[in-house]
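# Coordinates in review
Chain residues, written in single-letter form:
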Amino acid sequence: MYFKQAKDGENEWWMYLVTVLLLLFGYGVGQLPLLWVQSYALENHSDIGTAEVDRFAQTLDFSILHIDNNLGILLMFTIFIGATLFFLLAVKFIHKKSLKGLITHNYRINWTKVFFGLVVWLALLSIFELILYFVSPETYYLKANWDKVFILLLICITVLPIQTTLEELFFRSYVMKGIGLIARSKWIPLIITSLLFGLVHSSNPEISKYGIVPMQLYYISAGLLLGIITIMDDGLELAIGVHAATNIYGALFVCYDGSVLQTDSIWHVTDINAWIMAVIFVVSGIIFLLLSKKIFDWAAWSKLTEEIKK
């Protein structure tokens, strides 16, 4: 049923092209506040030159620009407000599709599933983090400035989900369904969108610091997990919750050197093993899939290989 929704509205090839271009335009508009801050820092701080601005672009270390981490992370997530707005307008007025239909074919969005994905994934991440802490406690230190943590919490529950939800709407709904219009197997859109998900994260600082292979394994595995969750549950709610939990955890609870999210988190890790991180993600994903299958009474795993009915 989820893939059948791709037939709703208008689906000319040029509409997909225009929608992607409008999303990129919205992304550019959303960057204007951050670009203004960079320009202001360049003009008003003698120790900042074009080299420092370039270094900031590579590391996303807000201290280079002499701005507070919370302000910096807010500016980063604000970028996605413009992209989300233009994307949704294109879906609504160019494709003439239902916005709710991007998430579910049911009468209403199942918020219980969103919160299940959020809470259970946060719990899994915390359990494995605790194991890593006992293995190498010397790499962890308590960073918390509770005033800043409170502000960061507000950002994480108000603005951050816009970014994660947009990525789910675009990759696991718009693109995956769109490819499903011409593909008979669900594996084709699943694999393509997972590879694209890894590709768009290839400029993240983690790639250069920890290596392209383990980090792309992590990102592509994340794309596969979120896609499988979406197909098995026949909707996007669980994937929205899991994706939000991943970024909230990395921003609010445990930040690490080289992360794209450099925040005033509660804990900070000075060194990570990217291979172990990727393996933990895969194991956590398998546990989450098994729990979801049991709780939500999913059909057989063969649902993944069923042909998409034309």
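Residues numbered from 1 in each chain as written. Predicted model: local features only at pLDDT ≥ 70, side-chain atom pairs only at ≥ 80, totals over all residues. Heavy atoms only, no water.

## Overview of the pattern of salt bridges
Opposite charge on two side chains makes pairing possible when the charged atoms of those side chains draw close. Selection criterion: Criterion for a salt bridge: a side-chain nitrogen of Lys or Arg within 4 Å of a carboxyl oxygen of Asp or Glu. Helix and strand labels come from DSSP, where a helix needs a run of H or I of at least four residues and a strand needs a run of E of at least two; each type is numbered from the N terminus. Exposed residues in this analysis have more than 50% of their type's maximum accessible area, buried residues have under 20%, and partly exposed residues fall in between, with area computed by a 1.4 Å probe over protein chains only.
Under the counting rule described, the total for this entry stands at three salt bridges. Lys148 is paired through a salt bridge with Asp68; the nearest N and O atoms lie 3.5 Å apart. Placement of Lys148 in helix α6 (residues 146–158) and of Asp68 in the loop between α3 (50–59) and α4 (69–93) is noted, with a sequence separation of 80 residues between them. A salt bridge links Asp233 to Lys113; its shortest N-O distance comes to 3.0 Å. In this pair, Asp233 is assigned in helix α10 (residues 212–233) and Lys113 in helix α5 (residues 111–135), connecting sequence segments 120 residues apart. Side by side, Asp233 and Lys113 carry an identical accessibility label, which is buried.

## Some thoughts on the environment of Ala90
Our working definition: In what follows, residue pairs with any heavy atoms lying within 4.5 Å of each other are defined as contacts.
When you line up the elements, Ala90 lands in helix α4. In sequence terms Ala90 and Leu124 are 34 residues apart; their C-alpha atoms lie 36 Å from each other. Ala90 has contacts with Thr19, Leu22 and His95, leaving out every residue within four places of it along the chain.

## What to know about the sheet that holds strand β2 (residues 254–256)
What counts here: The pairing criterion for strands is at least two bridges between them, as found by DSSP. Axis geometry follows a simple rule: fit a line to the C-alpha atoms, using only the stretch in contact for helices, then measure angles between N-to-C directions, giving values from 0 to 180 degrees.
Taken together, three strands build an open sheet; the order of strands is β1-β3-β2 and the sheet is mixed. Two strands bound the open sheet, and with one partner strand each, they are β1 (140–142) and β2. Adjacent strand axes in the sheet meet at a mean angle of 30° when their direction is disregarded. Bridge count between β2 and strand β3 (residues 267–269): three bridges; the pairing is parallel. If you follow Cys255 over to β3, its bridge partner there is His268.

## Things to note about the confidence of the model for the chain
To be explicit about the condition: Each residue carries a pLDDT value, the predictor's own confidence for that position, ranging from 0 to 100.
Here the chain averages 90 in pLDDT, and 98% of its residues register 70 or above. Here α3 stands out as the least confident element of the chain, with mean pLDDT 79; helix α11 (residues 237–253) is the most confident, with 96.

## Some details on helix α2 (residues 32–44)
Test applied: One less than the residue count of a helix, multiplied by 1.5 Å, gives the span that helix is expected to have. Within this analysis, the arc is defined by the directions that extend from the helix axis to the C-beta atoms.
End to end, α2 covers 18 Å across 13 residues, agreeing with the expected 18 Å (1.5 Å per residue, within 8%). By the burial criterion, the buried members of α2 are Leu34, Val37, Gln38 and Ala41. Projected down its long axis, α2 shows its buried positions confined to an angular sector of 100°, all on one face. Set apart from the buried face of α2 by more than 90 degrees, the exposed residues are Leu32, Trp36 and Glu43. On the buried face of α2, the contacting elements are α3 and α4.

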